[in-house]
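This is what each chain is made of:
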Amino acid sequence: MTLYPKLITDALAQVRYPGTGKDLVSAEMIADNIRIDGMKVSFSIIFDKPTDPFKKSVVKSAEAAIHAFVSKDVEVTITTESRQAARPEPGKMLPYVKNVIAVSSGKGGVGKSTVAANLAVALAKLGYSVGLLDADIFGPSMPKMFQVEDARPYAEEVDGRDLIVPVEKYGVKLLSIGFFVDPDKATLWRGGMASNALKQLVGDAMWGELDYFILDTPPGTSDIHLTLLQTLAITGAVIVSTPQQVALADARKGINMYMNDQVNVPILGLIENMAYFTPAELPNNRYYIFGKEGCKQLSEELQVPLLGQIPLVQSICENGDNGMPAALDAGSITGQAFLQLAQRVVEETEKRNREMDPTKIVEVHK
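Our subject in this report is the structure included herewith. (Residues numbered from 1 in each chain as written. Predicted model: local features only at pLDDT ≥ 70, side-chain atom pairs only at ≥ 80, totals over all residues. Heavy atoms only, no water.)

**Notes on the overall build of the chain**
Thought 1: A tally of helices and strands in the chain yields 10 helices and 13 strands.
Thought 2: The principal-axis extent of the C-alpha atoms belonging to the chain is close to 95 × 40 × 35 Å.
Thought 3: For the chain, buried positions account for 49% of its 366 residues.
Thought 4: The long-range fraction of contacts in the chain, counting pairs at least 24 apart against all pairs at least 6 apart in sequence, stands at 74%.
Thought 5: Just so you have it, the chain exposes about 18,400 Å², and 49% of that area is on carbon and sulfur atoms.
Thought 6: Mean positive and mean negative side-chain charge positions of the chain (36 and 44 charges, respectively) differ by 3 Å. (Helix = DSSP H or I, 4+ residues; strand = E, 2+ residues; numbered from the N terminus. Buried < 20%, exposed > 50% of the residue type's maximum accessible area, 1.4 Å probe, protein only. Contact = heavy atoms within 4.5 Å. Areas by Shrake-Rupley, 256 points an atom, 1.4 Å probe, with all protein chains shown as cover. Lys, Arg positive; Asp, Glu negative; His and termini not counted. Charge placed at Lys NZ, Arg CZ, Asp CG, Glu CD.)

**What about a nonpolar patch on the surface?**
Thought 1: Together, L282, Y287 and I289 make up a nonpolar patch on the protein surface, roughly 280 Å² of accessible area in all.
Thought 2: Of note, L282 is situated in the loop between β12 (267–277) and α8 (294–302). (Patch = residues over 30% accessible without salt bridge, like charges linked within 9 Å, V, L, I, M, F, W, Y side chains within 5 Å. Salt bridge = Lys/Arg side-chain N within 4 Å of Asp/Glu carboxyl O.)

**Quick look at the pattern of salt bridges**
Thought 1: Following the criterion strictly, the structure yields five salt bridges and no others.
Thought 2: Between K112 and D216 there is a salt bridge; the shortest N-O distance is 2.8 Å. Of the two residues, K112 is situated in helix α3 (residues 112–125) and D216 in strand β10 (residues 210–216); the sequence distance between them amounts to 104 residues. In this pair, the class of K112 matches that of D216, namely buried.

In structure tokens, the structure reads:
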């Protein structure tokens, strides 16, 4: 039997790409490099992205088609190419970002996202270039907090790659899975899907040059945290808690996760949210509803800085719901508290960078 290119392409025209339903030939996925040497055939299949989910199945189907429609005796060698350049490897995804700060909490309901949003805005007000990633895949809240729920980020081609352009507001570059899913429906994803989506928001986005890249992480410890630690070299973490003992107990777990020998991410400090209640009509009064200075005691015990104590004021919640972070109003009690917090984060980050080696990503051992 004599092989020639049209025999091969006719066989490959029987294989359909699951993503579009088109056959490989009409979809122009067969590279112009078919080589025939007796009963040996080699060629390349071109995919749009190096991470194409159908790559393995398409290669197997192509080989099976040649055996079925040409001859089972054909020795087939298939390589793959991609039209889009590959995503940088973990640890090198954000080459122009100086500091990556994870905002974490041991449990939900302590105001972690509110702190993350206001910290980002306050850093921008201090003159720093800031990015904010809403890494809470299953409960994204940043689109609402920045009043950009209707935003639909688009992609631009840069050096052969399609990169998502972050939304910009209040001087902060922002991305959230909330821009890409129905806000009224639950995100029912397995851990692998959520982790892949997170990697795209980090590595396939046009973050550019940033002084601070703030990560609003989910509460607790989860797959998402592990993905971030394996993907990014995190400069340091700040832990948010309320003064309650039950919240402080969970905060310890969050601190332990970062200080674990395998992770080794420095704790920049603790933030005590809802430290005390101050009514608008009595601005000088303080009522310690959730206990007094619990985070201060924990910071002294663990020998990590207390970065700030944020009061419980009704306007914080209202401003968050209205998409106007409290840090925008530098004259308010909470605005001042968040600006002071941002300055403390800058001080502790600079101290950490002077005294410690750069953080390394957590290695994956298979």
